[in-house]
Amino acid sequence: MKNNIHGDIVVIGAGPGGYAAAFRAADLGKNVILIDRDSELGGVCLNRGCIPSKALLHITKVMDDAASLSRMGVTYDKPKIDINAIRAHKDSIVKQLNTGIAQMAKARKVKTINGLARFISNDQLSVKTNKEDIVVTFDKCIIASGSSSTMIPGVDPDHPSILTSRTALDLVDIPKDLLVIGGGVIGLELGQVYATLGSNVSVVEFLPNLIPGADKDILRPLLRKLKKQFKSIMTSSKVTKVEPHKNGKLDISIESNGKTETKTFDKALVAVGRKPNTDLLNIESTDIKTNNGFLDVDVYQKTNVENIFAIGDICGNPMLAHRATHQGKVAAEVACGHSAAFDVCAIPSVVYTDPEVAWAGLTELEAKEKEISFEKAEFPWAASGRAIAIGANQGKTKLLIDPETKQILGVGIVGPGAGDIISEGMLAMEMGSDAEDVSLTVHPHPTLGETFGMAAEVFEGTITDLYVPKK
Ligand code: FAD
C-alpha cells in the first residue's frame, strides 16, 4: 500500500531521549524512523526547555554580574533591554541546534516524519502529517513522547495573561507584576530571568520549602539571593482562585496560614509540574499498561510489551534531559540485540539559577528519611581564593560519605558552576571512589573545582586550606 512504511525501529518523539535512541540505533545498522509532531527536532529540551531557558539565564547572570562589579570599583549605567533582540538571540541558538540535529539525522539516514503518531496495535502506528495519514509498521518501537506542563484546575490555559514555561520563554513582554505559581526548578529559573529583566516577581509554593528535593543548606545562598530579587516568596500557600479582568490583569486569591488574600498581577506563570504525553498515543490500542499515565519500564527500558520500549519523561521522575538521553541509548542498544541496561548510581539535579545549586546521589533529607548512616564533609567557599576573587564566597561543596567504605554516597554544591562541578561527583560515585581517591586527585589551583578535592581532604583530615580542630 502506498502510505505504508516499515521501520526496524520506530521512535516516537525527537527530544533528547528520542533522537539519541534513533541515532544510536542507526549507528548500530538499523533502518530507523523518527516521528515528532513538532516541525523542528529537539523536543521540549531544545525548543522550549533546557536550552532557551539557559540562553536567557546566561543573559540575566551577566547583567547581575555586571551590576555586582560596582562593589569592585566598576560601575555601568542601568542596562537598556531590547526584548525583541533578546528573543531573537534565544531563537537563533535554538535554530542553530535544530539544524544540527536535522543534519545528524540526515547523515545517519534516519527517516524523520513530522506528524502525530498514534498506535493502532502492538506493531503498527498511524501518523497524521500535514499532507497525509501514514501507517507505520515496526519490529521495535521506542516511545519518547515526553511531557507537558500541567495546569491548575479552574485556570484557562489559553488566557494571554496565563503563562506556562513554554509561553514564558516566548518572552512576549516583561510584565510589571508577575506571580510564579510553583517554587520548583522551572518556576525559580524563569522567575529569576523575569526579575532581572525588571518584573516584580512573587512566588507561591504549596509545600513548606522551595525546591523540595534538595538539602536546605545548599539552597540557603540561593534563597538569600531570591529574597532580595523577588517581591515575595509565599511557601505553604496555595492559589485558590484566578479571576481575569477585562483589562487582562488577574485577581489571584492565595491562601496562607488559613487566611486568603486577593492580589492583582499582570501575569501568572504556572509551573506546578508536568504530565506525561500518553493521551496523545492512543495507548489503549496496545497491551501497554500505564501507571497514572506514565509508562513503567524495566532496566532494559522495556514496557510490559516485548517489542515496545519507553524512555525519558514519559517514564516519570526525574524528568531530566540527561536521563532521557542515557535511557534512549540503552533502549536502542537493547532493541538492536546488544546487552545494555540503565543501571546508573545517580542522576544529577541542577538548578541553573544564580547561584547554581546541584546535587546527586544521597541527600541528607533522604538519608534521614531512610535512616541511612553517613558522614559529612564540607568545604565552605569562603575559604577558596578563587571563590572570593569572583564574589562567590557563599558557596559550598558538601560530600556525604559511607562511614564504613568511605565511598562518596552523595554530593551537594551551591555556587557558580555547581552544575559543572557536580560532574566530578558523578564520576567519583560511578567509579566507586572513596574520599582518599578524591583527596589525592590533583585539582588545578585556583578553581572552584578544587573545592571538591578539598571537601574530601576535610574528611581525610589532610586539609591545609582550612583549620579544622581535631575531634
Ligand atoms: P521531550 O523533550 O518532551 O520530547 C518529546 C517529543 O515528543 C516532543 O517534541 C513532543 O512534541 C513529541 N511528541 C509527543 N507525543 C507525540 C506523538 N504522539 N507523536 C509525535 N510526537 C509526539 N532538563 C534538564 O536536564 N536540564 C535543564 O536545564 C532543563 N530545563 C528545563 C526547562 C524547562 C522550562 C522545561 C519545561 C524543562 C526542562 N528540563 C530540563 C526537562 C527536559 O526538557 C526534559 O526532561 C526532556 O526534554 C525530556 O526529554 P524526552 O526525550 O523524554 O521528551
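Reading guide: rules and limits
- Residues numbered from 1 in each chain as written.
- Predicted model: local features only at pLDDT ≥ 70, side-chain atom pairs only at ≥ 80, totals over all residues.
- Heavy atoms only, no water.
- Helix = DSSP H or I, 4+ residues; strand = E, 2+ residues; numbered from the N terminus.
- Rg over C-alpha atoms; globule rule 2.2 N^0.38 Å.
- Buried < 20%, exposed > 50% of the residue type's maximum accessible area, 1.4 Å probe, protein only.
- Contact = heavy atoms within 4.5 Å.
- Areas by Shrake-Rupley, 256 points an atom, 1.4 Å probe, with all protein chains shown as cover.
- Lys, Arg positive; Asp, Glu negative; His and termini not counted.
- Charge placed at Lys NZ, Arg CZ, Asp CG, Glu CD.
- 1 Å grid on protein atoms, 1.4 Å probe; cavity = no way out; pocket = protein on both sides within 12 Å on 5 of 7 lines; lining within 4 Å.
- Points joined across faces, edges and corners; volume = space filled by probe spheres on them.
- Nonpolar A, V, L, I, M, F, W, Y, C, P; charged D, E, K, R; others polar.
- Pairing = 2+ DSSP bridges.
- Axes fitted to C-alpha atoms, helices over the stretch in contact; angles between N-to-C directions.
- Salt bridge = Lys/Arg side-chain N within 4 Å of Asp/Glu carboxyl O.
- Parallel < 35°, antiparallel > 145°, perpendicular 65-115°, else oblique.
- Left-handed = near helix turned anticlockwise from the far one by under 90°.

Student: Just checking my understanding: could you explain the overall build of the chain for this structure?
Tutor: Helix and strand content of the chain: 13 helices and 24 strands. Computed over its C-alpha atoms, the radius of gyration of the chain comes to 24 Å, within 12% of the 23 Å expected for a compact globule of 471 residues. Here the C-alpha coordinates of the chain stretch approximately 75 × 60 × 45 Å along the principal axes. The proportion of buried residues among the 471 residues of the chain is 48%. For the chain, restricting intrachain contacts to residue pairs at least 6 apart in sequence, the fraction spanning at least 24 positions comes to 64%. As displayed, the chain has an accessible area near 22900 Å², and 51% of this comes from carbon and sulfur atoms. Here the chain carries 52 positive and 57 negative side-chain charges, and the mean point of each set is 6 Å from the other.

Student: Just checking my understanding: could you explain the side chain of glutamine 327 for this structure?
Tutor: Counting through the fold element by element, glutamine 327 comes out in helix α8 (residues 321-335). Contact partners of glutamine 327, with chain neighbours within four places excluded, come to Gln301, Ile311, Gly312 and Phe342.

Student: Would you mind going over the layout of surface pockets with me for this structure?
Tutor: To find the voids left in a structure, one rolls a probe of water-molecule size over its atoms. The volume enclosed by the second largest pocket comes to roughly 650 Å³. As for the second largest pocket, its lining consists of 24 residues, of which Ser68, Arg71, Lys225, Asp354 and Gly391 are closest to the centre. Elements with a contribution of two residues or more to the lining of the second largest pocket: α3 (50-68) and α7 (216-229). For the lining of the second largest pocket, the residue count by class is nine nonpolar, seven polar and eight charged.

Student: Just to check I follow, could you spell out the sheet that holds strand β12 (residues 237-244) for this structure?
Tutor: Taken in spatial order, the three strands of this open sheet run β12-β13-β14, and their pairing is antiparallel. With one partner strand each, in any of the chains shown, β12 and β14 (259-265) form the two edges of the open sheet. Between one strand axis and the next, the sheet turns through 25 degrees on average, direction left out of account. Note that strand β13 (residues 250-256) and β14 share seven bridges and pair antiparallel. When the sheet's bridge partners are listed, serine 253 is paired in β14 with threonine 262.

Student: I keep staring at empty space enclosed by the protein and nothing clicks. Help me out?
Tutor: Scanning the model with the defined rule gives one cavity of 30 Å³ or more in all. What the largest cavity holds in volume is close to 40 Å³. Taken together, Asp215, Ile218, Trp359, Leu362, Thr363, Lys398, Leu400, Val411 and Gly412 form the lining of the largest cavity. Of all the secondary-structure elements, those providing two or more residues to the lining of the largest cavity are β23 (396-401) and β24 (408-414). Considered class by class, the residues forming the lining of the largest cavity number five nonpolar, two polar and two charged.

Student: I tried to follow the pattern of salt bridges on my own but got confused; where do I start?
Tutor: A side chain of one charge can pair with a side chain of the opposite charge if their charged atoms are brought near each other. Applying the stated criterion across every chain, the model contains 24 salt bridges. Lysine 95 serves as the salt-bridge partner of glutamate 40, at 3.0 Å between the closest nitrogen and oxygen. Here glutamate 40 is found in the loop between β2 (32-36) and α2 (43-48), whereas its partner lysine 95 is found in helix α4 (residues 83-107), with 55 residues between them in sequence. On the basis of relative accessibility, which here comes to 44%, the residue lysine 95 falls in the partly exposed class. Residue lysine 376 pairs with glutamate 364 through a salt bridge whose shortest N-O separation is 3.2 Å. Pair noted here: lysine 376 is in strand β22 (residues 375-380) and glutamate 364 is in helix α9 (residues 364-370), with a separation of twelve residues, a long-range link. Counted as one network, the salt bridges with shared partners bring together Asp215, Asp217, Glu364, Lys376, Glu378, Lys396 and Lys398.

Student: Help me understand the packing of α3 against helix α6 (residues 185-197), please; the structure alone is not making it clear to me.
Tutor: Where α3 meets α6, the axes come as close as 9 Å, and the angle between the chain directions of the two elements is 45 degrees. As judged from the angle between their axes, α3 and α6 are oblique. Here the hand of the crossing between α3 and α6 comes out left-handed. Between α3 and α6, the contacting residues are Ser53, Lys54, Leu56, Leu57, Thr60, Met63 and Asp64 on the first element and Glu189, Leu190, Gln192, Val193, Thr196 and Leu197 on the second.

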